[in-house]
Amino acid sequence: MSKLQNCFQVLIFVLPSVMKVLKSLLVCCYHYTFRNIILAFAGTLRHGLIPNLLGQGTYSRYNCRDAVWWWLQCIQDYCNIVPKGKEILKCPVSRMYPKDDSPPTAAGTVDQPLYDVIQEALQRHAQGINFRERNAGPQIDRNMRDEGFNINAGVDPVTGFVFGGNRLNCGTWMDKMGESERARNKGIPATPRDGSAVEIVGLSKSTVRWLTELSKKNVYPYKGVKVQREGKEVLLAFSEWNQHIQDHFEKYFYVSDDPSDPNEQRPDLVHKRGIYKDSYGASSPWCDYQLRPNFPVAMVVAPELFTPLRAWKALEIVQKKLMGPLGMKTLDSE
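Residues numbered from 1 in each chain as written. Predicted model: local features only at pLDDT ≥ 70, side-chain atom pairs only at ≥ 80, totals over all residues. Heavy atoms only, no water.

1. Brief notes about the nonpolar core
Ranked by size, the top nonpolar core spans 74 residues in total, and within it Trp71, Ile75, Leu114, Ile118, Leu122 and Trp241 carry the most contacts. Not counting residues up to four positions away in its chain, the partners in contact with Ile75 are Ile38, Leu89, Leu114, Ile118 and Trp210. Counting residues in each nonpolar core, the second largest holds 5 residues, with Met144, Phe149, Cys170 and Met177 among its members. (Core = buried A, V, L, I, M, F, W, Y, C linked by side-chain atoms within 4.5 Å. Buried < 20%, exposed > 50% of the residue type's maximum accessible area, 1.4 Å probe, protein only. Contact = heavy atoms within 4.5 Å.)

2. Section: the state of the cysteines
Put plainly, a disulfide is one covalent bond tying together the sulfur atoms of two cysteines. Within this structure, the stated rule accounts for 0 disulfides. In this model Cys79 remains outside any disulfide bridge; the closest cysteine sulfur is found in Cys91, 9.6 Å from its own. Its relative accessible area of 4% is what places Cys79 among the buried residues. Looking at Cys170, it has no disulfide partner, and the nearest cysteine sulfur is the one in Cys64, 11 Å off. According to the relative accessible area criterion, Cys170 is buried, its value standing at 17%. (Disulfide = S-S within 2.5 Å.)

3. Re a nonpolar patch on the surface
A contiguous nonpolar patch, built from Tyr30, Phe34, Ile37 and Phe41 and spanning about 390 Å² of accessible area, is present on the exposed surface. Structurally, Tyr30 can be placed in helix α1 (residues 3-42). For Tyr30, a relative accessible area of 46% puts it in the partly exposed group. (Patch = residues over 30% accessible without salt bridge, like charges linked within 9 Å, V, L, I, M, F, W, Y side chains within 5 Å. Areas by Shrake-Rupley, 256 points an atom, 1.4 Å probe, with all protein chains shown as cover. Salt bridge = Lys/Arg side-chain N within 4 Å of Asp/Glu carboxyl O. Helix = DSSP H or I, 4+ residues; strand = E, 2+ residues; numbered from the N terminus.)

4. A closer look at the packing of helix α4 (residues 198-216) against helix α5 (residues 238-253)
In helix packing, the relevant descriptors are the interaxial angle and the interaxial distance, both defined with respect to the helix axes. Between α4 and α5, the least distance of the axes is 8 Å, while the angle of their chain directions is 150°. By the angle class used here, α4 and α5 are roughly antiparallel. Like other packed secondary-structure pairs, α4 and α5 cross with a definite hand, here left-handed. Across the interface between the two elements, Val198, Val201, Ser204, Lys205, Val208, Arg209, Leu211 and Thr212 of α4 pack against Phe238, Ser239, Trp241, Asn242, Ile245, Gln246, Phe249 and Phe253 of α5. (Axes fitted to C-alpha atoms, helices over the stretch in contact; angles between N-to-C directions. Parallel < 35°, antiparallel > 145°, perpendicular 65-115°, else oblique. Left-handed = near helix turned anticlockwise from the far one by under 90°.)

5. A short note on the side chain of Arg61
Along the chain, the position of Arg61 falls in the loop between α1 and α2 (67-81). Setting aside its immediate chain neighbours within four residues, Arg61 contacts Pro51, Asn52, Leu53, Glu133, Ile140, Asp141, Met144 and Phe149.

6. With respect to the environment of Arg134
For Arg134, the location among the structural elements is in the loop between β3 (129-132) and β4 (150-155). Assessed through its relative accessible area of 34%, Arg134 is described here as partly exposed. For Arg134, the contacting residues outside a window of four places in its chain are Arg46, His47, Asp100, Asp101 and Ile140. Polar side-chain contacts of Arg134 include one of 2.3 Å to the backbone oxygen of Asp100. (Polar contact = N/O pair within 3.5 Å; in protein donor to acceptor, adjacent residues only side chain to side chain.)

7. With respect to the packing of aromatic side chains
Across all of its chains, the model carries 13 aromatic pairs by this definition. Ring geometry for Phe249 versus Phe253: centroids 4.9 Å apart, planes at 20°, classification stacked. Taken together, the residues span about one helical turn, with Phe249 and Phe253 both in helix α5 at a distance of 4 residues. Residue classification places Phe249 among the buried positions, given a relative accessible area of 0%. A residue is classified by how much of its surface remains accessible, and Phe253, at 0% relative accessible area, is buried. Their ring planes at 65° and their centres at 5.0 Å tell us that Phe249 and Phe306 sit as a pair that is edge-to-face. On the criterion of sequence distance, the pair formed by Phe249 in helix α5 and Phe306 in the loop between α6 (295-301) and α7 (308-321) is long-range, its members being 57 residues apart. Of the two residues, Phe249 and Phe306, both sit in the buried class. An aromatic cluster is present here, built from Phe161, Phe249, Tyr252, Phe253, Tyr254, Tyr276, Tyr280, Phe295 and Phe306 joined pairwise through their rings. Here the guanidinium or amino end of Arg46 rests over the ring plane of Tyr97, the centre of that ring lying 3.8 Å away. (Phe/Tyr/Trp six-rings, centres within 6.5 Å; stacked < 30°, edge-to-face > 60°. Lys NZ or Arg CZ within 6 Å of the ring centre and 35° of its normal.)

8. Section: α7
Residues spaced three or four apart along an α-helix face the same direction, because each turn holds 3.6 residues. With 14 residues, α7 extends 20 Å between its outermost C-alpha atoms, agreeing within 8% with the 20 Å of an ideal straight helix rising 1.5 Å per residue. The set of residues buried in α7 consists of Ala311, Ala314, Ile317 and Val318. For α7, the angular spread of the buried residues around the axis is 125°, confining them to a single face. Away from its buried face by more than 90 degrees, α7 exposes Pro308, Leu309, Trp312, Glu316 and Lys320. Summarising the contacts, the buried residues of α7 are in contact with β10 (275-276) and α6. (Expected span 1.5 Å × (residues − 1). Arc of directions from axis to C-beta.)

9. A short note on the sheet that holds β4
Spatially, β3-β4-β5 is the arrangement adopted by the 3 strands of the open sheet, whose pairing is antiparallel. Edge strands, defined here as strands with exactly one partner in the open sheet, are β3 and β5 (162-164). Shown here is a sheet whose adjacent strand axes are inclined to one another by a mean of 10°, direction ignored. Pairing between β4 and β5: 3 bridges, direction antiparallel. Residue pairing for β5: Val155 is matched across the bridge by Val162. Against the sheet, helix α3 (residues 114-127) contacts β3, β4 and β5, and its axis sits at roughly 95° relative to β4. (Pairing = 2+ DSSP bridges.)

All we've got here are geometric facts, nothing functional implied.
This is the structure in structure tokens:
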């Protein structure tokens, strides 16, 4: 047998093992990258929010309400998918802005475990977030009107829904700011989504449900967030927050087939029945009733919020009205 044949035999024998090792190394590399991305964004937390624009750390913009909840969902998915993924919760985070008014801080100046950063985001929402964007004006946004630079977010004490925004800012991934002076829409969002956006409610439900389980197992060191009730500071347990959302979601988001449904506050604005509203409590009430592809996001991350038969019918309407050959429309044309 020639040396070449021997080499081929050895190669055929060891190749599966080599490929298995390489695959394992590649997967570990992906996991390491994902972990670093999560921790890097954790370091940018400010006002309880994740920025939608970093601006080299000097002109960061914290004018979106949903980024922090997508980030929290990513952490949950990492913990559930990656082997020993929950160890990320103890990883140190180098805070760029240890306080809201901190200038950009050098890496390593203030380090915290990831679970403390997560808790800060939740606590800030529970106590209410209100601030004005730094450097507000045309130098950071040539289209935004003055009121749009005012940022607010919070948690409704009755429903548990995360809410925020105003009629002149774009706080979620689905918003689009008007830019035309000729069309007289400059500085006016085409489809404002202030109030409680359905996918943010779903993402927050997913987060507090997850943390309820982690805190029971002492994997997460906090049991809930502190809130004010009747002038006293009390603990709102994650389990209680989770239940508030569960108890109120379909009551306020589902558009019933029954025209006389007592839960429907604005029957005059209903134009499609059997769907889930895009938002609840918008400053322009008609915005709540828009058919958009956002409630399926909530279905994916928090399916327990939805009655199955209602959910299937709503999805059929989305498929009929919004699904196209290349993807989903962002808004019903009717």
